[in-house]
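Chains, contacts and geometry: an overview
The chain contents come next:
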Amino acid sequence: HRDVSAEVAREAAERAAYRAEIERLERLVDTFQSGIVITDTEGKATFVNRSMAAMLGYTVEEYRTLTAEQRIHPDDIGWVREMVLGRMRGEDQPDSYRVRMLHRDGRTVWMERRVSTLTADGRIVGALAENRDITEELERSAREAAAQQAETARLRRLLDTFQVGVTIRDNHGRTLFCNPAMAAMLGYSIEEFVARPLLDHVDPADRAMVNEFGERRARGLPAPERYRVRLRHRDGHVVWVSRSVSVL
């Protein structure tokens, strides 16, 4: 027999100190605005803060009883599960990604998630995920994109009525848009006109000049806003045009 009372007391004190530290950290994490979840190697939640539970309409106690299928959108559960298991096997997995989760009332909640692997004694024991609800941001972006698309469509309809030819091109000379008047001016359909680089429509005698002007604008250097240029009609004859250029 050996008296181990001191060892037992020391171990108990260490466990108490460890538990006290864990409780202190849990109280700290509970104040975070982002949702924090700690999962084990099977993906089961062993800790969740109040923000995370509230994002999906649950209490902390209710959240911890949920299965992955109850928390994650059906369209995302498969790849998320594979990602979790892969991380637990030590495989490289994305540290940040977006995932759809399910609110208690059934609606979809988009989360931006950052994940860190947890280790102990060189072994992977779980993962810590920081979640941020980006549903409102995505919905606002979608509304803005829809409004932009509607405005673009309105402008296209307006430009289609112009009697003057209008083109929009990028810095590489690709035609992004032309109105009916521009295409008809050179004897093409809109689709045929757009399919060719804009410089191809310029008479060879003026291509160097037009190319130089375009390169200067792309570099933010001064270039004439108005000039005359010779274009080539589909049948080969020269069409003199007065061109007014604006930088977008």
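Presented here is a report on the structure given in the accompanying data block. Bear in mind that the values here come from a model prediction, so they are computed numbers and not experimental data.

Overview of the nonpolar core
Met 52, Leu 56, Tyr 63, Val 99, Met 101 and Met 111 are the most contacted members of the largest nonpolar core, which totals 25 residues. Breaking this core down by element, the ones donating at least two residues are strand 2 (45–48), helix 2 (50–55), helix 3 (60–64), helix 5 (77–88), strand 3 (96–102), strand 4 (108–120) and strand 5 (123–133). Considering each element in turn, this core owes the most residues, 4 residues, to helix 5. Those residues in contact with Tyr 63 that sit more than four places away from it in its chain are Val 37, Ala 45, Val 48, Met 52, Ala 53, Leu 56, Tyr 58, Arg 71 and Met 101. In this structure, Val 210, Tyr 227, Leu 231 and Val 241 belong to the second largest nonpolar core, which totals 15 residues.

A look at a nonpolar patch on the surface
On the surface, a nonpolar cluster with roughly 320 Å² of combined accessible area is contributed by Leu 155, Leu 158, Phe 162 and Val 164. Position of Leu 155 among the secondary structure elements: in helix 6 (residues 135–160). The exposure class of Leu 155 is partly exposed, given its relative accessible area of 37%.

So, the pattern of salt bridges
For the structure on display, the rule yields 13 salt bridges. With its nearest N and O atoms 3.0 Å apart, the salt bridge here joins Arg 107 to Asp 105. On the basis of relative accessibility, which here comes to 52%, the residue Asp 105 falls in the exposed class. One salt bridge in this structure joins Asp 170 and Arg 174, with 2.8 Å as the shortest N-O distance.

Brief notes about the sheet that holds strand 4
Strand order in the open sheet formed by 5 strands is 2-1-5-4-3, and the pairing between neighbours is antiparallel. Whereas interior strands pair on both sides, the edge strands pair on one side only; in this sheet they are strand 2 and strand 3. Strand-to-strand twist of the sheet, defined as the mean angle between neighbouring strand axes without regard to direction, takes the value 30 degrees. Of the strand pairs in this sheet, strand 4 and strand 5 are connected by 10 bridges, and their pairing is antiparallel. The partner of Leu 118 across the bridge, within strand 5, is Gly 126.

Notes on the packing of aromatic side chains
Applying the stated criterion across every chain yields a total of 2 aromatic pairs. Their ring planes at 75 degrees and their centres at 5.6 Å tell us that Trp 79 and Tyr 97 sit as a pair that is edge-to-face. Separated by 18 residues along the polypeptide, Trp 79 in helix 5 and Tyr 97 in strand 3 bring together distant segments of the chain. Given the relative accessible area of 11%, Tyr 97 is considered buried. Note on Phe 213 and Tyr 227: the rings are 5.0 Å apart at their centroids and 70 degrees apart in plane angle, and the pair reads as edge-to-face. On the criterion of sequence distance, the pair formed by Phe 213 in helix 9 (residues 204–218) and Tyr 227 in strand 8 (residues 226–232) is long-range, its members being 14 residues apart. Residue Phe 213 is classed as buried on the basis of its relative accessible area, which comes to 12%.

Focus on the pairing of strand 9 (residues 238–244)
Put simply, side chains in a regular strand alternate between the two faces of the sheet. Residues Val 239, Val 241 and Arg 243 of strand 9 are buried on one face, while the alternating residues Val 238, Trp 240, Ser 242 and Ser 244, pointing to the opposite face, are not. Of the strand pairs in this sheet, strand 8 and strand 9 are connected by 7 bridges, and their pairing is antiparallel. Across the sheet, the residue bridging to Tyr 227 is Arg 243, located in strand 9. Once strand 8 ends, the chain turns through 5 residues before running back antiparallel as strand 9, passing Gly 236 with a positive phi of about 105 degrees.

Things to note about the environment of Thr 46
Take Thr 46: it is sitting in strand 2. We classify Thr 46 as partly exposed; its relative accessible area is 38%. Through-space distance from the C-alpha of Thr 46 to that of Glu 69 is 16 Å; in sequence the pair is 23 residues apart. Setting aside anything within four residues of it in sequence, one finds Thr 46 in contact with Ile 38, Thr 39, Asp 40 and Arg 64.

Quick notes on the environment of Arg 216
Relative to the elements of secondary structure, Arg 216 occurs in helix 9. On the accessibility criterion, Arg 216 (26% relative accessible area) is partly exposed. Sequence-distant contacts of Arg 216, that is, excluding residues within four places in its chain, are made with Leu 221, Pro 222 and Ala 223.

Cut-offs and rules
- Residues numbered from 1 in each chain as written.
- Predicted model: local features only at pLDDT ≥ 70, side-chain atom pairs only at ≥ 80, totals over all residues.
- Heavy atoms only, no water.
- Core = buried A, V, L, I, M, F, W, Y, C linked by side-chain atoms within 4.5 Å.
- Buried < 20%, exposed > 50% of the residue type's maximum accessible area, 1.4 Å probe, protein only.
- Helix = DSSP H or I, 4+ residues; strand = E, 2+ residues; numbered from the N terminus.
- Contact = heavy atoms within 4.5 Å.
- Patch = residues over 30% accessible without salt bridge, like charges linked within 9 Å, V, L, I, M, F, W, Y side chains within 5 Å.
- Areas by Shrake-Rupley, 256 points an atom, 1.4 Å probe, with all protein chains shown as cover.
- Salt bridge = Lys/Arg side-chain N within 4 Å of Asp/Glu carboxyl O.
- Pairing = 2+ DSSP bridges.
- Axes fitted to C-alpha atoms, helices over the stretch in contact; angles between N-to-C directions.
- Phe/Tyr/Trp six-rings, centres within 6.5 Å; stacked < 30°, edge-to-face > 60°.

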